[in-house]
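# Descriptive structure summary
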Amino acid sequence: MKTTIYFVRHCEAQGNHERVFQGATDCDITPRGKLQLEALSERFRTIEIDAVYTSPLLRARRTAEAVNRYHGLPLHIEPGLREINAGHWEGKPWTDFPVLYPDEARAWNLAPWDFAPEGGETMREVYERVSKAACAIAKKEAGRRVAAVSHGCAIRNLLCFAHGWPIEKLNDVEWCDNTAVSLLEFDED
């Protein structure tokens, strides 16, 4: 039995626009994000879905509402889909990291599987959390079509897992843009 899950990255949020690390910080969407949601609603208008899951963060919930606009399904909040908690990186400009945290910035870019920000969660924890959440959703919704809204880093980890790769291959997975859709199919295994 095949279960189809459309993993959707949230629309543009303030952190994306301002070029700061938003991670677990709950920030609102931008005017451009609102336009992206209009297009996303139309894209999902004719896609058959049976359930909608979302990260608890506002930018993801607003995106899930847009995906669900023409379906009217209940939104299921799934904490396992949330973005990485980047600890002391949260809310800081991307341009500051090489200066403030050179070792962590090197890990983020060259060996993300070793990324472990002070006060946050490691990339390995994100890989485990998001893959378990995706498999749990697939098991609960077996044989159905699901939309699940998450975040860039979380989805990148999930796509690495879906390839059957260890986290050490994470740099072989490209980042997805805001409102990008990745379709994954799960079987009983």
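We now turn to the structure provided with this report.

## A look at the overall build of the protein
In terms of helices and strands, the protein carries seven helices and five strands. Of the regular secondary structure in the protein, the N- to C-terminal order runs β-α-α-β-α-β-α-α-α-β-α-β. Relative to its length of 189 residues, the protein is compact, with a C-alpha radius of gyration of 16 Å against a globular reference of 16 Å. Burial status across the protein gives 52% buried among its 189 residues. Sequence-distant contacts, at least 24 apart, represent 73% of the contacts inside the protein between residues at least 6 apart. Of the roughly 9,100 Å² that the protein leaves accessible, carbon and sulfur atoms contribute 50%.

## Focus: the environment of Glu 83
Here Glu 83 is to be found in the loop between strand 3 (75–77) and helix 4 (97–100). For the pair Glu 83 and Leu 58, spaced 25 residues apart in sequence, the C-alpha separation works out to 11 Å. Every residue in contact with Glu 83, bar those within four places of it in the chain, is listed here: Gly 23, Leu 57, Arg 59, Glu 121, Arg 129, His 151, Gly 152, Cys 153 and Ala 154. Reaching out from Glu 83, the side chain makes a polar contact with the backbone nitrogen of Gly 152 at a distance of 3.5 Å.

## Looking at the pairing of strand 1 (residues 3–9)
Within strand 1, seven of the seven residues are buried, which leaves the element mostly enclosed by the surrounding structure. Covered by surrounding structure in strand 1 are Thr 3, Ile 5, Phe 7 and Arg 9 together with Thr 4, Tyr 6 and Val 8, the residues of both alternating faces. Sheet analysis places strand 1 next to strand 5 (residues 181–186), joined by six bridges and oriented antiparallel. By the bridge assignment for strand 5, Thr 3 is matched with Phe 186. For strand 1 and strand 4 (residues 145–150), the ladder comprises six bridges, and the chain directions are parallel. Opposite Arg 9, over in strand 4, you have Ser 150 as the bridge partner.

## Quick look at unusual backbone geometry
In this model, Arg 19 sits at a positive phi of 60°, which is unusual for a non-glycine residue. Within the secondary structure, Arg 19 sits in the loop between helix 1 (14–18) and helix 2 (31–44). We note that Thr 179 has phi near 65°; this positive angle belongs to a residue other than glycine. Structurally, the position occupied by Thr 179 is in the loop between helix 7 (152–162) and strand 5. Since its relative accessible area comes to 15%, Thr 179 is described here as buried.

Cut-off values and rules
- Residue indices follow the written sequence of each chain, beginning from 1 at its first position.
- The model is predicted, so local features are restricted to residues of pLDDT at least 70 and side-chain atom pairs to those at 80 or more, both for listing and for counting; the totals for chains, interfaces and linings are taken over all residues.
- With hydrogens and water excluded, all non-hydrogen atoms of the structure serve as input to the side-chain values.
- Here a helix means four or more residues in a row that DSSP labels H or I, a strand means two or more in a row labelled E, and each is numbered from the N terminus.
- For this measure, only C-alpha atoms enter the radius of gyration; the expected value for a globule follows 2.2 Å times N^0.38, where N is the number of residues.
- Relative accessibility decides the category of a residue: with a 1.4 Å probe and only protein chains considered, values under 20% of the type maximum give buried, values over 50% give exposed, and everything between is partly exposed.
- Residue contacts are defined here by distance: any two heavy atoms, one from each residue, within 4.5 Å place the two residues in contact.
- Per-residue and other accessible areas were derived by the Shrake-Rupley procedure at a 1.4 Å probe size, with only the shown protein chains allowed to occlude residues.
- We call two N or O atoms a polar contact when they sit within 3.5 Å, provided that within protein one can donate a hydrogen and the other can accept it, with sequence-adjacent residues counted only if both atoms are side-chain atoms.
- For two strands to be treated as a pair, DSSP must find at least two bridges joining them.

The quantities given are spatial measurements derived from coordinates; they are silent on function.
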